[in-house]
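# Residue-level structure breakdown
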Amino acid sequence: MPTVALLATGGTIASTGGPDGRVPTATGRDLLRQAGLSGGETAVPVRDLELGGSFSWDLEKMRLVVEEMRAALAAPVPGTDGARPDGLVVTHGTDTMEETVFLASLLLDDPRPVVLTGAQEPYDSRSPDGPENLRDAFAVAADPLARDRGPLLCFDGMVFAARGVTKIDTLSHRAFGAPGRGPVLRVHDGRVTALAPPGPPRPLPGVDPDTGLPRVDVVALYPGADETLLRAAAEACGRAARSR
């Protein structure tokens, strides 16, 4: 039986209402119990990571989450002779989920499935979508069809590769899509179907996450733009590179 670990980072899927609005209060174990996946307190290795709302994350916090993914994949499963998990599910806020899964695809080099998911409705909603998304993500992370695809994003029964997925709706349960690409897997009633052949992304070569990520600026161009912003970005990136 495959063992899938859980890394819980907050988000709407873990949020409940209160006097200060909706804030993440549900733990990873709470999410498992709500989804009917608990199977006993030690059946699923769980790590809770508290970073605040994902809408406020910067690149350093995303890098930290990716390093926690790496650590979860390397950690021995309790009660075994040192076996590592067969896959990993990461619960995440939808605001920056596409950015985190993309960064993970640049930094992680592991054939095992890493599946990000979340919810549009909060934990205490009368009709939460989080439990089904979590069940689907666990089914994907445990399935051989998800191997060798790099980190994935699973939402509303559709599974997308890290490169090309984007949030397309802020209200519908079908919050994510990949325009021009489509999903690579589909999950229904716990069964995973492949829609595209595996194509593992190549991580960035020569990047040491422990020393920080290189600075990469994005400059929008338009007809008639001069080189002012390009020169400023090149100078700033050069200074950052020299200080590493």
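Before going into details, it helps to say that this report is about the structure given with it.

Cut-offs used in this document
- Residues numbered from 1 in each chain as written.
- Predicted model: local features only at pLDDT ≥ 70, side-chain atom pairs only at ≥ 80, totals over all residues.
- Heavy atoms only, no water.
- Helix = DSSP H or I, 4+ residues; strand = E, 2+ residues; numbered from the N terminus.
- Rg over C-alpha atoms; globule rule 2.2 N^0.38 Å.
- Buried < 20%, exposed > 50% of the residue type's maximum accessible area, 1.4 Å probe, protein only.
- Contact = heavy atoms within 4.5 Å.
- Areas by Shrake-Rupley, 256 points an atom, 1.4 Å probe, with all protein chains shown as cover.
- Axes fitted to C-alpha atoms, helices over the stretch in contact; angles between N-to-C directions.
- Parallel < 35°, antiparallel > 145°, perpendicular 65-115°, else oblique.
- Left-handed = near helix turned anticlockwise from the far one by under 90°.
- Nonpolar A, V, L, I, M, F, W, Y, C, P; charged D, E, K, R; others polar.
- Pairing = 2+ DSSP bridges.
- Salt bridge = Lys/Arg side-chain N within 4 Å of Asp/Glu carboxyl O.
- Expected span 1.5 Å × (residues − 1).
- Core = buried A, V, L, I, M, F, W, Y, C linked by side-chain atoms within 4.5 Å.

### Comments concerning the overall build of the chain
The number of helices and strands found in the chain is five helices and 12 strands. For the chain, the C-alpha radius of gyration of 19 Å lies close to 18 Å, the compact-globule estimate for 244 residues. In the chain, which comprises 244 residues, the proportion classed as buried is 43%. Sequence-distant contacts in the chain: of pairs separated by 6 or more residues, those separated by 24 or more amount to 65%. Accessible surface, the chain: about 12,900 Å² in total, of which carbon and sulfur atoms supply 52%.

### A short note on unusual backbone geometry
You will see that aspartate 156, though not glycine, has its phi angle at about 55 degrees, which is positive. Looking at the secondary structure, you find aspartate 156 in the loop between strand 7 (152-155) and strand 8 (158-161). The phi dihedral of aspartate 189 falls on the positive side, at around 55 degrees, and the residue is not glycine. Here aspartate 189 shows up in the loop between strand 11 (185-188) and strand 12 (191-194).

### Quick word on the packing of helix 2 (residues 59-74) against helix 3 (residues 97-107)
Packing of helix 2 against helix 3 leaves a shortest axis separation of 9 Å and a crossing angle of 60 degrees. The pairing of helix 2 with helix 3 is recorded here as oblique in orientation. Considering only the axes of helix 2 and helix 3, their crossing is right-handed. Contacts between helix 2 and helix 3 involve Leu59, Met62, Arg63, Val65, Val66, Met69 and Arg70 from the first element and Glu99, Thr100, Leu103, Ala104 and Leu107 from the second. When grouped by side-chain class, the residues that make up the contact of helix 2 with helix 3 number eight nonpolar, one polar and three charged.

### A short note on the sheet that holds strand 7
Sheets are built from strands paired through backbone hydrogen bonds, the pairs being either parallel or antiparallel. The strand order 4-1-5-6-7-8-11-12 describes an open sheet built from eight strands, whose pairing is mixed. Edge positions in the open sheet fall to strand 4 (46-48) and strand 12, since each of these has one partner strand only. Ignoring which end each strand starts from, the neighbouring axes of this sheet average 25 degrees apart. Two strands pair when backbone bridges link them, and strand 1 (residues 4-8) and strand 5 (residues 87-91) are joined in this way by five bridges, in the parallel orientation. Note that in strand 5 the partner of alanine 8 across the bridge is threonine 91.

### Let's talk about the pattern of salt bridges
The tally for this structure, following the rule as stated, stands at nine salt bridges. One salt bridge connects arginine 239 with glutamate 235, and the closest N-O pair in it is separated by 3.0 Å. Pair noted here: arginine 239 and glutamate 235 are both in helix 5 (residues 228-243), with a separation of four residues, about one helical turn. For arginine 239, a relative accessible area of 45% translates into the label partly exposed.

### Concerning the pairing of strand 12
Relative to strand 12, strand 11 runs antiparallel, the two being bridged by four bridges. The partner of histidine 188 across the bridge, within strand 12, is arginine 191. Connecting strand 11 to the next strand, strand 12, in antiparallel fashion are two residues, including aspartate 189 with a positive phi near 55 degrees.

### Brief notes about the side chain of threonine 94
Its location among the elements puts threonine 94 in the loop between strand 5 and helix 3. Note on threonine 94: relative accessible area 5%, which makes it buried. What threonine 94 contacts, discounting residues up to four positions off in sequence, is Ser54, Ala119, Gln120, Phe155, Lys167 and Phe176.

### Looking at helix 5
The first and last C-alpha atoms of helix 5 sit 23 Å apart over 16 residues, in line with the 22 Å expected at 1.5 Å per residue. When we look at burial in helix 5, the residues that qualify are Ala233, Ala236 and Gly238.

### Description of helix 4 (residues 130-141)
Its 12 residues place the ends of helix 4 16 Å apart at the C-alpha level, agreeing with the 16 Å of an ideal helix rising 1.5 Å per residue. Where burial is concerned, most of helix 4 is hidden: 10 out of the 12 residues are buried. Listed as buried for helix 4 are Gly130, Pro131, Asn133, Leu134, Asp136, Ala137, Phe138, Ala139, Val140 and Ala141.

### Here's the deal with the side chain of threonine 91
Within the element layout of this structure, threonine 91 appears in strand 5. Residues in contact with threonine 91, not counting those within four places in the same chain, are Leu6, Leu7, Ala8, Thr9, Gly10, Ile13, Leu31, Thr117 and Leu134.

### Remarks on the nonpolar core
It is characteristic of soluble globular proteins that their nonpolar side chains tend to be buried jointly. Met69, Leu88, Val114 and Phe176 are the most contacted members of the largest nonpolar core, which has 30 residues in total. The biggest single contributor to this core is helix 2, with six residues. What leucine 88 contacts, discounting residues up to four positions off in sequence, is Val4, Ala5, Leu6, Leu7, Met69, Ala72, Leu73, Pro113, Val114, Val115 and Ala141. With 26 residues, the next largest nonpolar core counts Leu6, Ala14, Cys154 and Val192 among its residues.

Interpretation note: all reported values are geometric properties and have no functional meaning in isolation.
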